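# Working through the structure, step by step
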Amino acid sequence: MSADYRTLTYEVTGAIARITFDRPEHGNAITVDTPIELASAVERADVDPAVHVILLSGRGKGFCGGYDLSIFAEGMGRGASGEAGGSVLDPGVQARNHDPAATWDPMVDYAMMSRFNRGFSSLLHANKPTVAKLHGFAVAGGTDIALFADQIICADDTRIGYPPARVWGIPASGMWAHRLGDQRAKRLLFTGDLITGRQAHEWGLAIDAPPPEELDDRTEDLVGRIAQMPINQLVMAKLALNSALLAQGVANSGMISTVFDGIARHTPEGYAFQARAAADGFREAVRQRDEPFGDAKSHAGPGNPATTRP
């Protein structure tokens, strides 16, 4: 077991590298450390000659509830000054750039969010196969991570989707159409609705969706079978199949979606959502966003009701 990370743990058992998000008290919500640590752990597994397959999961009641809104949504509204010329990761720099009375620099948004995408996409670009095991909830930014994995396996009652499509976000990974096809991707992003793990399996997003009590065993069977393959065969198969996926324009989709994700936070509705989060807290802002759709509590994480942000 490794204690080198703030947001996840890393260990190798046999030929399987196990990366586990480890902020269960916050629904494994994404922080600025998450993409760097995920990419580091994936690289660590990718160069380890003992590892044949990489398994990503989440500790606690769910896989990942999205970005930590207590940092991103509430913090942006507090008007922190930030240092002139400071890092795009400085909350003050982001707060200043999100001031509706000031000039918005879209590339400040892009520089921040593209950094997250680069870290998350390490799952796709790793040489070795990556498997995401989902349970509980995998929403908003949590789907940005999961959709980059080569294989998704989930409990049949997992809640999966991107509610910030309703306001203040576009999924920056740009992976939905590539994983689900045009119509089903639009069905989710035109409404921000969630699907169950069972539906994800029926739609082809997940390779399997067993009952929750069988998820661990079915996952171990899957990664165990992959682990029996020679590494060179796995790498060649992934490269061959990824060539088709990349030819579809995955990189371009991510770039465009990341730009629009920034724009979504600078619409009248986006500013109003941010103002509500700053004044009343993100939980109340998300409740007001989701209540008209009848699912204000349907993707709640532990201690983090309806935790979502792109």
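Here the residue numbering is sequential within each chain, running from 1 through the sequence in written order. Reporting of local features is limited, given that this is a predicted model, to residues whose pLDDT is at least 70; pairs of side-chain atoms are given and counted only at 80 or more, and all residues count toward the totals for whole chains, interfaces and linings. Side-chain measures were taken over the full set of non-hydrogen atoms in the model, leaving aside hydrogen atoms and water.

## Description of the sheet that holds strand β7 (residues 159-161)
In a beta sheet, neighbouring strands pair by backbone hydrogen bonds and run either parallel or antiparallel. Pairing in this open sheet of three strands is mixed, and the strands run β5-β7-β8 from one edge to the other. Since the sheet does not close on itself, it has two edges, and those belong to β5 (137-139) and β8 (194-196), each with one partner. Strand-to-strand twist across the sheet, computed as the mean angle between neighbouring axes with direction ignored, equals 25°. Sheet topology places β7 next to β8; three bridges connect them, and they run antiparallel. What sits directly across from R159, in β8, is T196. A strand pair is defined by DSSP finding two or more bridges across the two strands. Strands here mean DSSP runs of E at least two residues long; helices mean DSSP runs of H or I at least four residues long; both are numbered from the N terminus. To get an axis, fit a line to the C-alpha atoms, keeping to the stretch in contact for a helix; angles then go from 0 to 180 degrees between the N-to-C directions.

## Quick notes on the packing of helix α4 (residues 106-120) against helix α12 (residues 250-264)
Each pair of packed helices can be summarised by the angle the axes make with each other and by the distance between the axes. Interaxial distance between α4 and α12 falls to 9 Å at its minimum, and their mutual angle equals 130°. Between α4 and α12, the angle is such that the two are oblique. Where α4 crosses over α12, the handedness of that crossing is right-handed. Touching D109, Y110, M113, S114 and N117 of α4 are G254, M255, T258, V259, D261 and G262, all from α12. Here the residues of the contact of α4 with α12 are counted per class, giving four nonpolar, five polar and two charged. With respect to orientation, any angle under 35 degrees is reported as roughly parallel, any angle over 145 as roughly antiparallel, any angle of 65 to 115 as roughly perpendicular, and every other angle as oblique. For any pair of crossing helices, the crossing counts as left-handed if the nearer helix is rotated counterclockwise from the farther one by less than a right angle, and right-handed if it is rotated clockwise. Should any heavy atoms of two residues lie within 4.5 Å, those residues are counted as being in contact. Charged residues are taken to be Asp, Glu, Lys and Arg, nonpolar residues to be Ala, Val, Leu, Ile, Met, Phe, Trp, Tyr, Cys and Pro, and polar residues to be all remaining types, Gly included.

## Here's the deal with the layout of surface pockets
Approximately 550 Å³ is the volume attributed to the largest pocket. If you trace the largest pocket, you find 22 residues lining it, with D150, Q151, R179, L241 and N242 closest to the centre. Elements with a contribution of two residues or more to the lining of the largest pocket: β6 (151-154), α7 (176-180) and α11 (231-247). Classifying every residue of the lining of the largest pocket by side-chain character gives 14 nonpolar, five polar and three charged. Buried and open spaces are told apart on a 1 Å grid over the protein atoms alone, a cavity being a set of points where a 1.4 Å probe fits but cannot get out and a pocket being an open set with protein on both sides within 12 Å along at least five of seven lines. Residues with an atom within 4 Å of a point are the lining residues. Considering the residues around the second largest pocket, the lining is formed by 17 residues, among which I170, P171, G174, L189 and S257 are closest to the centre. The residue inventory of the lining of the second largest pocket, partitioned by class, reads eleven nonpolar, four polar and two charged. Grid points are joined across faces, edges and corners, and a volume is the space filled by probe spheres set on the points.

## Brief notes about the pattern of salt bridges
A pair is scored as a salt bridge if a Lys or Arg side-chain nitrogen falls within 4 Å of a carboxyl oxygen belonging to Asp or Glu. One pass over the full model with this rule turns up 20 salt bridges. Its salt-bridge partner being D4, residue R44 comes within 3.7 Å of it at the nearest N-O pair. Taken together, the residues R44 in helix α1 (residues 34-46) and D4 in the segment before β1 (8-13) connect sequence positions 40 residues apart. The class of R44 is partly exposed, set by a relative accessible area of 33%. In this structure, D22 and R59 form a salt bridge, with 3.1 Å as the shortest nitrogen-oxygen distance. Taken as a pair, D22 in the loop between β2 (16-21) and α1 and R59 in the loop between β3 (53-58) and α2 (69-76) lie far apart in primary sequence, 37 residues in all. The network of salt bridges with shared partners includes R166, R187, D193, R289, D290 and D295. Burial status follows relative accessibility: with a 1.4 Å probe on protein chains alone, a residue under 20% of its type maximum counts as buried, one over 50% as exposed, and anything between as partly exposed.

## Here we look at the packing of helix α13 (residues 268-280) against helix α14 (residues 282-290)
Put simply, α13 and α14 touch, their axes get as near as 6 Å, and they point 140° apart. As judged from the angle between their axes, α13 and α14 are oblique. Across the interface between the two elements, F273, R276, A277 and D280 from α13 touch F282, E284, A285, V286, Q288 and R289 from α14. By residue class, the composition of the contact of α13 with α14 is five nonpolar, one polar and four charged.

## Let's talk about the confidence of the model for the protein chain
The share of residues in the protein chain with pLDDT of 70 or more is 90%, and the mean pLDDT across the chain is 91. Per-residue confidence from the predictor is reported as pLDDT, a score between 0 and 100. For the stretch residues 300-310, pLDDT sits under 50, and the model shows 58 contacts to residues farther than four places along the chain or on other chains.

## Considering the environment of N97
Mapped onto the elements of the fold, N97 is located in helix α3 (residues 91-97). Since its relative accessible area comes to 8%, N97 is described here as buried. Taking the C-alpha atoms as reference points, N97 and V108, eleven residues apart in sequence, are found 7.5 Å from one another. If sequence neighbours within four positions are ignored, N97 has contacts with T103, W104, D105, V108, D109 and H266. Here D105 takes part through its backbone nitrogen, which lies 2.8 Å from a polar atom of the side chain of N97. In protein, a polar contact means a hydrogen-donor-capable atom and an acceptor-capable atom, both N or O and within 3.5 Å, with residues adjacent in sequence counting only if both atoms are side-chain atoms; elsewhere, any N or O pair within 3.5 Å suffices.

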